[in-house]
Structure formats: structure tokens, C-alpha cells
Amino acid sequence: MDQVIKLACATILLSPDYKQALAKRLLEDEVTRMGGFIFLMSHILDFVEGGGQIMNEYGATIFIHPDIVEEAYAYELSFSWTTDIKVFAKRKPQRQSRGAHLLRLQLWDAAYKMDGRPVTLE
């Protein structure tokens, strides 16, 4: 039977609390821009190639293709967001994340769940 990763709902992923929790994890794991790209690519693509599925909060399967991480980062290939977000490890963001960042946050949610270390809210 294929494995399924169920993503957190969009409201949670876009929340300031999730952004801060993810920032803390990225800082704790010393994730670099390229390291984050490799982490996402290896986890997401290997999982799906092995028959796994990633489903959103409504049970719809997220279409995973070879450029999914680049798409999630809006083809901004320096992946600067991965390091920029770390500022929120020490101070909670005042606003929720933009909707345009949802796919990016979904990929991080899925990859850390695949890694057996889901990002959790305090």
C-alpha cells in the first residue's frame, strides 16, 4: 500500500505560529539555501517516485513534478527565503504568510513529516 502524507491545513501553514516554528527548525537544523533545496527535492521526489502521495487538507493529491521546488520558490533560484525566514525564529511574525507561499510551506510540511520530524506548533 502506498504511503500518504496529509498536509496541515492552509490556515495553519500560513499562520505566524507555523512560520515561526518552521524558522526555528530551519535554524536548529542549520539549513542553508542549497541545503534546503536538496532536502526538499530528495524527500519529496523520492517519496513520490516510491509511490507515495501528498494530500492537502481536502484530500486532493498535490501534483509533484521535477520542478516542484523551483515552482514553490517562484523560480527565485537563490532560495533566499530559506535563510530570510530564520529571523522569525527569535521574533514571531506580525502577519501570516502570503498565499503565494502556500506551496512552499506545504513542501516543507511534507518533507519534515517524511523525515519523521514534523514541524509542530508550541
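What comes next concerns the included structure. Quantities reported herein were computed from a predicted structural model and do not represent experimental measurements.

**Regarding the nonpolar core**
In this structure, L22, I54, V69, L107 and W108 are the most contacted members of the largest nonpolar core, which totals 38 residues. For this core, the secondary structure elements donating two or more residues are α2 (16-28), α3 (33-49), α4 (68-72) and α6 (102-114). For L107, the residues in contact, after removing those within four places along its chain, are L40, I44, I64, I68, V69 and A72.

**What to know about α2**
Between the first and last C-alpha of α2 there are 18 Å, a value that for 13 residues agrees with the 18 Å anticipated at 1.5 Å per step. What α2 keeps buried is the set P16, Y18, K19, Q20, A21, L22, A23, R25 and L26. On the buried face of α2, the contacting elements are α1 (10-13), α5 (81-84) and α6. One or two steps after α2, the chain reaches E30, where phi turns positive at roughly 55°.

**Structural notes on α6**
Residues that lie three or four places apart on an α-helix share one face, since the helix turns once every 3.6 residues. The first and last C-alpha atoms of α6 sit 18 Å apart over 13 residues, in line with the 18 Å expected at 1.5 Å per residue. α6 sits mainly inside the fold: 10 of its 13 residues count as buried. All of the buried residues in α6 are L103, R104, L105, Q106, L107, W108, D109, A110, A111 and Y112.

**Looking at unusual backbone geometry**
Despite not being glycine, E30 has its phi angle at roughly 55°, a positive value. Taking the relative accessible area as the measure of exposure, E30 reaches 65% and is therefore exposed. Here F79, not a glycine, exhibits a phi torsion of approximately 55°, which is positive.

**Considerations on the environment of K24**
Mapped onto the elements of the fold, K24 is located in helix α2. The exposure class assigned to K24 is partly exposed, which follows from its relative accessible area of 29%. Residues K24 and F88 lie 64 residues apart in sequence; the distance between their C-alpha atoms is 7.5 Å. With residues up to four places along the chain from it excluded, the contact list for K24 reads A89 and E122.

Rules used throughout
Residues numbered from 1 in each chain as written. Predicted model: local features only at pLDDT ≥ 70, side-chain atom pairs only at ≥ 80, totals over all residues. Heavy atoms only, no water. Core = buried A, V, L, I, M, F, W, Y, C linked by side-chain atoms within 4.5 Å. Buried < 20%, exposed > 50% of the residue type's maximum accessible area, 1.4 Å probe, protein only. Helix = DSSP H or I, 4+ residues; strand = E, 2+ residues; numbered from the N terminus. Contact = heavy atoms within 4.5 Å. Expected span 1.5 Å × (residues − 1).

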